[in-house]
Amino acid sequence: MARDRLTPEGRRFYAQLQELARMEVRVGYQVGEATDDDGVDMCDIAAWNELGTEHSPARPFLRQTVENNENKINTFCSKEAKKMLEGGTAEQCLDKIGVFMKGLVQKTIRDGDFEPNAASTIRKKGSDNPLIDTGRMRQSVNYHVKERGGG
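Being a predicted model, the structure only gives us computed values, none of them experimental.

Peer 1: Can you lay out the overall build of the protein chain for me, pointing to particular residues and giving the numbers?
Peer 2: Of the regular secondary structure elements, the protein chain holds seven helices and two strands. Listed N to C, the secondary structure of the protein chain is α-β-α-α-α-α-α-α-β in terms of helices and strands. Its C-alpha atoms give the protein chain a radius of gyration of 20 Å, clearly above 15 Å, the size a compact globule of 151 residues would have. Counting only C-alpha atoms, the protein chain reaches 80 × 30 × 20 Å along its principal axes.

Shown next, in the form of structure tokens:
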């Protein structure tokens, strides 16, 4: 009885699927990667803005990015998966998703719908944009492709 065999392209595709299942892309802030002028870790500053503090309201820019762009994200991921079928690699796929998501987060920081700054904050920093003071938090958004579940 004859058995169908995978072509070299089929074997390569299945190998990339296995690689994709092993990897993930993390978008946001990584501890120790960037600090503000006072040496405060951007990861902390992002968390304080995302979740709020005793003195400032939550401005959930990461959650808002995902919630407001769900269809765009799904469409983009499907397109990249299709490219993997056509010869790309799992890592290339995840890199492109990381760049795409980084851009969406930066756009949300700039244009998101957040509780406005207090008048005293506007006077202090000279701007009414709640998440932009020096621009460092927006510039510090990054992504990493790594093994799933790794630190």
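On we go.
Peer 1: Run through the packing of aromatic side chains, naming residues and quoting values.
Peer 2: For any pair of aromatic rings, the description consists of the separation of the ring centres together with the inter-plane angle of the planes. According to the stated counting rule, one finds three aromatic pairs in the structure shown. Aromatic pair Tyr29 and Phe61: ring centres 6.2 Å apart, planes at 85°, arrangement edge-to-face. Taken together, the residues Tyr29 in the loop between strand 1 (23-28) and helix 2 (42-51) and Phe61 in helix 3 (residues 61-68) connect sequence positions 32 residues apart. Ring plane angle 5° and centroid distance 4.0 Å describe the contact between Phe76 and Phe100, whose orientation is recorded as stacked. Within this pair, whereas Phe76 is found in helix 4 (residues 70-85), its partner Phe100 is found in helix 5 (residues 90-111), the two being separated by 24 residues in sequence. Residue classification places Phe76 among the buried positions, given a relative accessible area of 14%.

Cut-offs used in this document
Residues numbered from 1 in each chain as written. Predicted model: local features only at pLDDT ≥ 70, side-chain atom pairs only at ≥ 80, totals over all residues. Heavy atoms only, no water. Helix = DSSP H or I, 4+ residues; strand = E, 2+ residues; numbered from the N terminus. Rg over C-alpha atoms; globule rule 2.2 N^0.38 Å. Phe/Tyr/Trp six-rings, centres within 6.5 Å; stacked < 30°, edge-to-face > 60°. Buried < 20%, exposed > 50% of the residue type's maximum accessible area, 1.4 Å probe, protein only.

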